[in-house]
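An overview of the molecular structure
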Amino acid sequence: MLPKISGRVAWIFDQPNFDIDLIVGVENIGTQDIETLKFVCMADYDPDFAESVQPGDLIVGGENFGYGHPHFPACRALRALGIAGIVAESFSPGFYRGESTNAFPLIECPGILDNVKRWDHLSFDWDSEVLSIKGKAMSLQCARIPQKTKDLLEAGDLISYLQRSNRLRRPDEQAG
Amino acid sequence: MGQTIAEKILSRVAAETVRPGDEKLFQPDLITAYDYPGYVDRYAKQMSEELKIDRVRNPEKFVLFIDHLYPAGTPKAQEIHAITREFAKRYGFKLYEGHGIGHQVISEKGYIKPGMLVIHFDGHISTIGALGAIGIGIRNSMIEAFATEEVALVAPASVRIELKGKLARGVTTRDVFHTIVKRIGPAGARQCVIEYGGPGLANLEMDERFPLCNLAMFLGGITAVMETDEKTDDFLKSVGVSEFTEMRPDRDAKYANTVTIDLDDVEPVLVAPPSPANTIPISEAAGLRIDSGYIGSCASGRIKDFQQALEILDGRHVAEGFRLNAVPTTAEIQARMGEMGLTSRLINAGALVQTPTCDFCIGQLGALTDNERSVSTGTLNIPGRMGSKIAEIYTASPYTIAATAVTGRITDPRTLF
């Protein structure tokens, strides 16, 4: 089953070409300790962020979100704080590849910035790929999500996806 | 229907016609990576402990590099390298340690041939596009490549950059790339392969071509590729590759966009903080006090870059208190610089000539403290990239960095010829 996307907008990065390393600070991109990452996550934007978010909340981004060098600690930290996905005008391809492989839902939704404010409640329908905003009559059609991305999200992580895929050779087939 | 270079390469790999938008599994010709905490150490663990894979079918398809956190400055960094050495040994992968930055070493060691598909986690593998091959950074899907020797890709469309004319003195391909960013925007080639060609390409040496491909991600590109010519062939012969396939698009290839760049019109530019999206004319920051300079990285740091810097530095000296780090991209370049006498000329001008490593680009070495400003040929200038979060990084050409090093202030190199 695909993860349920229904949550509040915990933060809006409205600038285009946002570099996600800034979420934890570039000095922490080699940090693997999740408690450290949770502590520094969003500290430069909102010191109360960790306390104000709840599981299922979402991040909203602008054009070409994830531009630059998209290292993993930023989204690991966001997920650890309960963030369930990112909805952006568009994503930088390296970022999209990396985080969709980490089974983090990324929804490309042209028009999102003009239509939401912080703490609005968003819901996404995986079949129609339509995003709705609670209390508003309108909804937004999002970009098509590649099948592999959906398969990964269903599997929950890349290792489980590979194990389900029949693409791993059995040990007796590995010779040669 | 005609094909772009990328469509030809992906169709060859897939053994069937591939069109933009097609989602398929591809078997790359090469799979490559460098170590950094959370990458190769993680793949090593996933391979043996989670996927329980003892060996791979084609170990000769894998090449690993140790180039970050190198030479190791801490026991923890050495431990990361030790895991990589053990991983390479266990699966029979070729490992290059201390040869310099992998994105260039891979070409120097003769691994790259025109028409190849190469996979890395890091998008700067696009550097190899200068040899008519495509290198794609797939981030954490690397474990898919290690485990299955296949990767799922959605075939990209291409943006054609048609080059014409010739660069004026004092202008480099760093200026060309960031002029293109200014012109079509940092998402101007988003999700696409950037295909460089046209008559102007013949006027660029190989050392000038690599940076144009290396920086592809800052136009939103998945990668970049160039048409091949005699200069490509000469480079390949010099590294022992005799097999040469000419890579050109079909005349009726379809592009998402075509942009013509007249090299004669390009002027020196700077990329101002806080991001590579931010191209400004050099005049906008001229005179700004600068503390340090860095010529190196996978983008720059080749022979031509140091020759350009020396056009300014010869007969002059780095300003009092200014730190200029000159870091050859690879050990082979470092050796050639010595043979050609470039190293001593740089040292005589006051530069600190360093060992090949990625570490100056990422603030592991030559770090900046609060409120300092640096000019750099590194890839990226976001706050904190080279040390303090409140230091500023301007990326620029080797000419501009040399001119700035001499005066201690941002200087248009053309004023010093």
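Residues numbered from 1 in each chain as written. Chains lettered and ligands numbered in written order. Predicted model: local features only at pLDDT ≥ 70, side-chain atom pairs only at ≥ 80, totals over all residues. Heavy atoms only, no water.

Our focus in this paragraph is the sheet that holds strand S8 (residues 158-164) of chain B. Residues and elements named next belong to chain B. Reading across from one edge, S10-S9-S8-S11 is the order of the four strands in this open sheet, with parallel pairing throughout. Edge positions in the sheet fall to strand S10 (223-226) and strand S11 (257-262), since each has one partner strand and no second. Across the sheet, the mean angle from the axis of one strand to that of its neighbour is 20°, orientation sign disregarded. Here S8 pairs with strand S9 (residues 193-197) via five bridges, running parallel. Directly across from Ile161, in S9, lies its bridge partner Tyr196. Taken strand by strand, helix H7 (residues 206-214) contacts S8, S9 and S10, and its axis lies near 150° from that of S10. (Pairing = 2+ DSSP bridges. Helix = DSSP H or I, 4+ residues; strand = E, 2+ residues; numbered from the N terminus. Axes fitted to C-alpha atoms, helices over the stretch in contact; angles between N-to-C directions. Contact = heavy atoms within 4.5 Å.)

Residue and element names in this part refer to chain B. Under the domain assignment used here, chain B contains domain 1 (7-263) and domain 2 (271-416). For domain 1 and domain 2, the distance between their C-alpha centroids amounts to 24 Å. Counting from both sides, the interface comprises 33 residues of domain 1 and, opposite them, 35 residues of domain 2. Summed over both partners, the interface of domain 1 with domain 2 comes to about 2800 Å²; 58% of that surface belongs to carbon and sulfur atoms. On the domain 1 side of the interface with domain 2, the three residues burying the most area are Ile101, Arg174 and Asp207, jointly 23% of the side's total. Our count for the domain 1 to domain 2 interface comes out at two salt bridges. One salt bridge in this structure joins Arg169 and Glu311, with 3.0 Å as the shortest N-O distance. The tally of links between domain 1 and domain 2 comes to 17 residue pairs in polar contact (both at pLDDT 80 or more). Elements that contribute at least two residues to the side of domain 1 that touches domain 2 include exactly helix H4 (102-108), helix H6 (173-184) and H7. Of the residues that constitute the side of domain 1 that touches domain 2, the class distribution is twelve nonpolar, twelve polar and nine charged. (Domains from an automatic or database assignment. Buried area = accessible area lost by both parts, 1.4 Å probe. Salt bridge = Lys/Arg side-chain N within 4 Å of Asp/Glu carboxyl O. Polar contact = N/O pair within 3.5 Å; in protein donor to acceptor, adjacent residues only side chain to side chain. Nonpolar A, V, L, I, M, F, W, Y, C, P; charged D, E, K, R; others polar.)

So, about the state of the cysteines. Counted by the stated rule, this structure contains zero disulfides over all chains. Between A:Cys75, a free cysteine, and A:Cys41, which holds the nearest cysteine sulfur, the sulfur-to-sulfur gap is 8.9 Å. The thiol sulfur of B:Cys192 is not disulfide-bonded, and the nearest other cysteine sulfur, from B:Cys213, lies at 15 Å. (Disulfide = S-S within 2.5 Å.)

One pass over the structure, following the stated rule, counts 31 aromatic pairs over all chains. Between B:Phe87 and B:Tyr91, the ring centres sit 5.2 Å apart and the planes meet at 65°, which makes this aromatic pair edge-to-face. Here B:Phe87 pairs with B:Tyr91, and both are found in helix H3 (residues 75-91), just four residues apart, close to one helical turn. Of the two residues examined, B:Phe87 and B:Tyr91, each falls in the buried class. Each residue in the set A:Phe72, B:Tyr34, B:Tyr36, B:Tyr39, B:Tyr43, B:Phe62, B:Phe87, B:Tyr91, B:Phe93, B:Phe121 and B:Phe146 is aromatic and connected to the rest through ring pairs, giving one cluster. Above the plane of the ring of B:Phe417 lies B:Arg169, whose end atom (NZ or CZ) is 3.8 Å from the centre. (Phe/Tyr/Trp six-rings, centres within 6.5 Å; stacked < 30°, edge-to-face > 60°. Buried < 20%, exposed > 50% of the residue type's maximum accessible area, 1.4 Å probe, protein only. Lys NZ or Arg CZ within 6 Å of the ring centre and 35° of its normal.)

Our next topic: the layout of surface pockets. Where empty space is left can be seen by rolling a probe of water-molecule size over the atoms. Its boundaries defined by the atoms lining it, the second largest pocket holds a volume of some 520 Å³. Forming the boundary of the second largest pocket are 23 residues, of which A:Glu27, A:Gly30, B:Tyr36, B:Leu69 and B:Gln364 lie nearest the centre. Broken down by class, the residue content of the lining of the second largest pocket amounts to ten nonpolar, nine polar and four charged. There are two domains that each give the lining of the second largest pocket at least three residues, and those are domain 1 (7-263) and domain 2 (271-416) of chain B. (1 Å grid on protein atoms, 1.4 Å probe; cavity = no way out; pocket = protein on both sides within 12 Å on 5 of 7 lines; lining within 4 Å. Points joined across faces, edges and corners; volume = space filled by probe spheres on them.)

Two strands in a sheet stick together by hydrogen bonds in their backbones, pointing the same way (parallel) or opposite ways (antiparallel). Residue and element names in this part refer to chain B. The strand order across the open sheet built from five strands is S4-S3-S2-S5-S6, with neighbouring strands paired in parallel fashion. Of all the strands in the sheet, just strand S4 (94-97) and strand S6 (134-137) have a single pairing partner and so form its edges. With direction set aside, neighbouring strand axes in the sheet form an average angle of 20°. As paired strands, strand S5 (residues 117-120) and S6 are joined by four bridges and run parallel to one another. By the bridge assignment for S6, Val118 is matched with Gly135. Sheet strands touched by H3: strand S3 (62-66) and S4. Its angle to S3, the strand with the most contacts, is close to 160°.

What follows deals with the nonpolar core. Core analysis: the largest hydrophobic core is formed by 157 residues, its most contacted members being A:Ile23, A:Phe49, A:Leu122, B:Phe146 and B:Tyr196. For this core, the domains that each give at least three residues are domain 1 (7-263) and domain 2 (271-416) of chain B. When sequence neighbours within four positions are dropped, the list of residues in contact with B:Phe146 reads B:Tyr43, B:Met47, B:Val56, B:Phe62, B:Leu64, B:Phe87 and B:Phe93. Counting 35 residues, the second largest nonpolar core, distinct from the first, contains B:Ile282, B:Ile290, B:Ala351 and B:Ile410. (Core = buried A, V, L, I, M, F, W, Y, C linked by side-chain atoms within 4.5 Å.)

This next bit is on the environment of B:Lys113. All names here are of chain B. Along the chain, Lys113 falls in the loop between H4 and S5. On the basis of relative accessibility, which here comes to 25%, the residue Lys113 falls in the partly exposed class. Distance in space between the C-alpha atoms of Lys113 and Ser242 is 9.2 Å, their sequence separation being 129 residues. If we skip the residues at most four places from it in the chain, Lys113 touches Leu131, Ala133, Val241 and Glu243.

All names here are of chain B. Note on placement: Thr228 falls in the loop between S10 and helix H8 (230-238). In this structure the side chain of Thr228 is engaged in a polar contact, spanning 2.8 Å, whose partner is the backbone nitrogen of Met247. The contacts of Thr228, once residues within four sequence positions are left out, are Pro114, Leu131, Gly132, Phe244, Thr245, Glu246, Met247 and Arg248.

Residue and element names in this part refer to chain B. Close contact between H6 and H7 brings their axes to 9 Å; oriented N to C, the two are set at 30°. Viewed along their axes, H6 and H7 adopt a mutual orientation that is roughly parallel. Our pair here, H6 against H7, has a crossing hand that is right-handed. Residues Thr173, Arg174, Val176 and Phe177 of H6 lie in contact with H7, whose contacting residues are Glu208, Pro211 and Leu212. Split by residue class, the contact of H6 with H7 holds four nonpolar, one polar and two charged. (Parallel < 35°, antiparallel > 145°, perpendicular 65-115°, else oblique. Left-handed = near helix turned anticlockwise from the far one by under 90°.)

As a further point, take the interface of chain A and chain B. Each side of the interface is counted separately: chain A has 40 residues, and chain B has 50 residues. Summed over both sides, the interface between chain A and chain B buries roughly 3900 Å², with carbon and sulfur atoms accounting for 53% of that surface. Where chain A packs against chain B, one counts seven salt bridges. Mapped onto the side of chain A that touches chain B, the elements with two or more residues apiece are helix H4 (93-101), helix H6 (147-155) and helix H7 (158-164) of chain A. The biggest single contributor to the side of chain A that touches chain B is H4(A), with five residues.

Next up on the list: the pairing of strand S6 (residues 130-133) of chain A. All names here are of chain A. Of the two faces of S6, the one holding Leu131 and Ile133 is buried and the one holding Val130 and Ser132 is not buried anywhere. As judged from the four bridges shared by strand S5 (residues 121-125) and S6, these two strands associate in the antiparallel manner. Counted as the bridge partner of Leu122 is Ile133 from S6. The hairpin formed by S5 and S6 contains four residues between the paired strands, and Glu129 there has a positive phi angle of roughly 55°. In the sheet, S6 pairs with strand S7 (residues 139-141) via three bridges, with the strands oriented antiparallel. Residue pairing across strands places Ser132 opposite Ser139, the latter belonging to S7. Two successive antiparallel strands, S6 and S7, enclose a turn made up of five residues, where Gly135 displays a positive phi of approximately 85°.

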